[in-house]
Amino acid sequence: MIVGACAWLAGCAADGGGKTQTASSEPASAAPGKGRGYSHDPYPSTYRAYPGVPTLVTNVTVLDGEGGRIDKGSVLFRDGKIVSVSQSLTADAGTTVIDGTGKYVTPGVIDVHSHMGDYPVPGVEANSDGNEMTSPVTADVWAEHSVWPQDPAFGRALANGGVTTLQILPGSANLFGGRSVVVKNVYARTTQAMKFPGAPYGLKMACGENPKRVYGSKGREPSTRMGNIAVDRATWARAVEYKRRWDKYEEKGGEAPTRDIAMDTLRGVLEGEILVHNHCYRADEMANVMDMAKEFGYHVSAFHHAVEAYKIADLLKENDVCAAVWADWYGFKMEAYDAIPENLAILEKEGACAMIHSDDDYGTQRLNQEVAKARASGIKAGFPISEETAWKWLAINPAKALGIADKTGSLKSGKMADVVLWNGNPFSVYTRPQMVWVDGALMYDARDPKRRPVSDFELGQPGEGDVK
């Protein structure tokens, strides 16, 4: 990446390196305007919601995703949107009514950290497309260009886990891993047809052991944590200069600067249109990254894995940075050693934005159980975490970290009707989704074999449609 950086900086040297400049006889081009120097959305979402029908679910315990609870409640949705949530609702003619006595309704689960499609099942080398381990800085790659929409894991996440929205990230071998993409969990032929409309892109970054191990083993920088930060800072410095040059061109016109696809992404971060999702375990490293963000003028949306987030809950709250964590994964490498199962509960108590995440195709099918474990650990430690509070860790908080909380993440009027009817208490290991709607369309019904998701890859294969 250093070579690539020098290549585009060479343009600066040619302009200011002492060579005689001759005035051009051509008039300077008109300024294109702010943000109009090049397309910021060359692969736009083509998502179209599946057709649904007006639906009223009654006599259920409603966890609204924002910390609210309604016992013996009802949820009404039509035209892909939540209409109303209350204790007493009546159905108009033509509305499908579902009696959910003894069951729960929640917003669809949002998994903020997935590699689905980039590391699909079956997990073979030919399909391993999530980690561009060729340079510590690969901000030029976009996860969506590796996503395989036929990955059977998408359907299993829907049917077994009630997952309706996912962020698919590049892997964490690199300091700058590339762009993430947010998708609706529906079957489609292309990734663009799954892309969550209006969701910001993310930038995957990583700190700690992964980059220094991968590139230290190649005998190059970074091989230490100080090397990690040094390469980060040098890259952000180039990005600031790249942004300056494009801002000047878009404001004043003239000759357009040379495009650099990696720097386009980093400029997007500096502009606030791309959100940073940073793989980071240790508290001290998270603090370093937050200071680095202030140095270069960007914001970290969320630290992922964040097993030591509980140590700096106050700093996370102060800097408006979320923490995406596991319930009890720890000890699989040194930086994951000092994890505690009360992590989520402590973050909640201190008022920080916290959420569960999977980083695993099987874990994403059981995020409700992961939250149940984290809640139980918190209660045991003396933190009275209610069911409705814990569901924020699966709903509104990940929606906030993804920049889509105005569209989904809770059962509020006008939001997307991403809804799960659970066949019991979702904090129980015996409970599964009974019905799952995405934008008001019924995508899964446990009692209807025709609504079991099957990808094209599975057609004709043994176990087709199996959701165990």
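Quick note: structure is the one above.
Residues numbered from 1 in each chain as written. Predicted model: local features only at pLDDT ≥ 70, side-chain atom pairs only at ≥ 80, totals over all residues. Heavy atoms only, no water.

Some remarks on the nonpolar core
What tends to happen in soluble globular proteins is that the nonpolar side chains get buried as a cluster.
No. 1: Core analysis: the largest hydrophobic core is formed by 91 residues, its most contacted members being F176, L203, W236, Y298, F303 and L316.
No. 2: For this core, the leading source of residues is helix α6 (residues 283-296), giving seven residues.
No. 3: Apart from residues lying up to four places away in sequence, L203 is in contact with A139, F176, G178, S180, W236, T265, L266, V269, I274, L275, V276 and H277.
No. 4: Formed by 15 residues, the second largest nonpolar core is a distinct cluster that contains A199, A324, C353 and A399. (Core = buried A, V, L, I, M, F, W, Y, C linked by side-chain atoms within 4.5 Å. Buried < 20%, exposed > 50% of the residue type's maximum accessible area, 1.4 Å probe, protein only. Helix = DSSP H or I, 4+ residues; strand = E, 2+ residues; numbered from the N terminus. Contact = heavy atoms within 4.5 Å.)

Some remarks on the layout of surface pockets
No. 1: Each pocket or cavity is described by its volume, and for the second largest pocket that value is around 320 Å³.
No. 2: The wall of the second largest pocket is formed by 21 residues, among which L158, Y187, M443, P453 and V454 lie closest to the centre.
No. 3: Mapped by element, the contributors of at least two residues to the lining of the second largest pocket are α2 (152-161) and β15 (441-445).
No. 4: Ranked by residue count, the leading element in the lining of the second largest pocket is α2, at four residues.
No. 5: Here the residues of the lining of the second largest pocket are counted per class, giving 12 nonpolar, four polar and five charged. (1 Å grid on protein atoms, 1.4 Å probe; cavity = no way out; pocket = protein on both sides within 12 Å on 5 of 7 lines; lining within 4 Å. Points joined across faces, edges and corners; volume = space filled by probe spheres on them. Nonpolar A, V, L, I, M, F, W, Y, C, P; charged D, E, K, R; others polar.)

Here we look at the environment of R432
No. 1: In this fold, R432 is placed in the loop between β13 (419-422) and β14 (433-438).
No. 2: If we skip the residues at most four places from it in the chain, R432 touches A159, N160, W422, N423, Y444 and V467.
No. 3: A polar contact is formed between the side chain of R432 and the side chain of N160, at a distance of 3.0 Å. (Polar contact = N/O pair within 3.5 Å; in protein donor to acceptor, adjacent residues only side chain to side chain.)

Quick look at the sheet that holds strand β1 (residues 55-63)
No. 1: The mixed open sheet is built from seven strands, whose spatial order is β3-β2-β1-β4-β13-β14-β15. What marks the edges here is a single partner per strand, and that holds for β3 (81-86) and β15. Strand-to-strand, the axes of this sheet are offset by a mean angle of 35 degrees, without reference to chain direction.
No. 2: Lying over the sheet, α2 contacts β13, β14 and β15, oriented at roughly 120 degrees with respect to β14. (Pairing = 2+ DSSP bridges. Axes fitted to C-alpha atoms, helices over the stretch in contact; angles between N-to-C directions.)

Some thoughts on the environment of R447
No. 1: If you trace the backbone, R447 turns up in the segment after β15.
No. 2: Judged by relative accessible area, R447 falls into the exposed class, the value being 61%.

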